[in-house]
Amino acid sequence: MRYMLLSGADQAALIERLSAMPVFLDEAFRGVSAADASVAGADGFTPVEQCWHLADLEREGYGVRIRRLLTEVDPVLRDFDGERVAQERDYKSLLLEEGIEAFRRARADNLAALRALGRADWQRRGTQEGVGRVGLCDIPLMMAEHDAAHRAEIEEWKSGQRAKGKGQR
């Protein structure tokens, strides 16, 4: 509900921040070699894992929630088990650039869906496993909070790479 309490300008700024996340990934990982993209940060995740996690959560977490909340009455939404998905899909074997592009496409789709919502649509609600009651109006802030956590992890990874004399070239 917090999204609905924001002014129109603050809502627009939040959506703009969400649209900037793919650009952040491009800039953060520009020039990173495939070898460096496979080096874990202090959080234990590599850039490749970060990007593919973001892409899969965007598609299979937020995207599914948006669609189901919009089209179903009071749906029960599964939680996204990021650890299980990462293991099943072996993120470390995938390409960084493809993960960024998959995230870019999924984020653009989700933002287009959010921008198309009518005022009444924002009030549509369901129940998410492990979270409880959620509404479409909760999704943008959930996305922003998740982005912020990953931005911090990626910045920490970049700092560690700089300290080692690696990373961006």
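What you are looking at is a predicted structure, and each value in this text was computed from that prediction instead of being measured.

**Section: empty space enclosed by the protein**
This structure, assessed with the given rule, holds one cavity of 30 Å³ or more. Taken as a whole, the largest cavity encloses approximately 40 Å³ of empty space. Around the largest cavity, the lining residues are Phe-29, Gly-41, Asp-43, Phe-45, Thr-46, Pro-47, Gln-50, Glu-153, Ile-154 and Trp-157. For the lining of the largest cavity, the elements supplying multiple residues, two or more each, are helix H3 (47-71) and helix H6 (139-164). Examining the composition of the lining of the largest cavity, we find that three residues originate from one element, H6, more than from any other. In terms of residue class, the lining of the largest cavity is built from five nonpolar, three polar and two charged.

**Side note on the pattern of salt bridges**
Following the criterion strictly, the structure yields 15 salt bridges and no others. The residue Arg-89 makes a salt bridge to Asp-56 at a minimum N-O spacing of 2.9 Å. You can see Arg-89 sitting in helix H4 (residues 82-89) and its partner Asp-56 sitting in helix H3, a full 33 residues away along the chain. Classification of Arg-89 as partly exposed rests on a relative accessible area of 33%. Assessed through its relative accessible area of 2%, Asp-56 is described here as buried. Of the charged contacts in the structure, one is a salt bridge between Arg-84 and Asp-81, with a shortest N-O distance of 3.8 Å. Residue classification places Arg-84 among the partly exposed positions, given a relative accessible area of 34%.

**A closer look at the side chain of His-150**
Residue placement: His-150 occurs in helix H6. Looking at His-150, its side chain comes within polar contact range of the side chain of Gln-50, at 2.3 Å. A distance of 3.5 Å separates the side chain of His-150 from the side chain of His-53, its partner in a polar contact. When near neighbours in sequence (up to four residues on either side) are disregarded, His-150 contacts Met-21, Gln-50, His-53 and Leu-54.

**A closer look at the sheet that holds strand S2 (residues 125-128)**
Across the sheet, three strands lie side by side as S1-S2-S3; this open sheet has mixed pairing. Strands with a single pairing partner mark the edges of an open sheet, and in this sheet they are strand S1 (76-77) and strand S3 (132-135). Relative to S3, S2 runs antiparallel, the two sharing four bridges. Its bridge partner being in S3, Gln-128 is matched across the sheet by Gly-132.

**A look at the environment of Lys-92**
Locating Lys-92 in the fold gives a position in the loop between H4 and helix H5 (96-115). The class for Lys-92 is exposed, based on a relative accessible area of 53%. It is 11 Å that separates the C-alpha atoms of Lys-92 and Ala-35, two residues lying 57 residues apart in sequence. Those residues in contact with Lys-92 that lie beyond four places of it in its chain are Val-48 and Glu-49.

**A short note on the packing of aromatic side chains**
Any pair of aromatic rings gets described here by the distance separating the centres and the angle formed by the planes. One pass over the structure, following the stated rule, counts two aromatic pairs. One Lys or Arg, Arg-151, reaches over the ring of Phe-24 and ends 4.7 Å from the middle of that ring.

**Re the nonpolar core**
Counting 43 residues, the largest nonpolar core has Tyr-3, Leu-25, Phe-29, Leu-96, Leu-114, Trp-122 and Ile-139 as the members making the most contacts within it. Of all the secondary-structure elements, those providing two or more residues to this core are helix H1 (2-5), helix H2 (8-29), H3, H5 and H6. Among the elements that make up this core, the one with the highest residue count is H3 (nine residues). Discounting residues that sit within four places of it in the chain, Leu-96 has contacts with Phe-29, Ala-37, Pro-47, Val-48 and Cys-51.

Cut-offs applied
Residues numbered from 1 in each chain as written. Predicted model: local features only at pLDDT ≥ 70, side-chain atom pairs only at ≥ 80, totals over all residues. Heavy atoms only, no water. 1 Å grid on protein atoms, 1.4 Å probe; cavity = no way out; pocket = protein on both sides within 12 Å on 5 of 7 lines; lining within 4 Å. Points joined across faces, edges and corners; volume = space filled by probe spheres on them. Helix = DSSP H or I, 4+ residues; strand = E, 2+ residues; numbered from the N terminus. Nonpolar A, V, L, I, M, F, W, Y, C, P; charged D, E, K, R; others polar. Salt bridge = Lys/Arg side-chain N within 4 Å of Asp/Glu carboxyl O. Buried < 20%, exposed > 50% of the residue type's maximum accessible area, 1.4 Å probe, protein only. Polar contact = N/O pair within 3.5 Å; in protein donor to acceptor, adjacent residues only side chain to side chain. Contact = heavy atoms within 4.5 Å. Pairing = 2+ DSSP bridges. Phe/Tyr/Trp six-rings, centres within 6.5 Å; stacked < 30°, edge-to-face > 60°. Lys NZ or Arg CZ within 6 Å of the ring centre and 35° of its normal. Core = buried A, V, L, I, M, F, W, Y, C linked by side-chain atoms within 4.5 Å.

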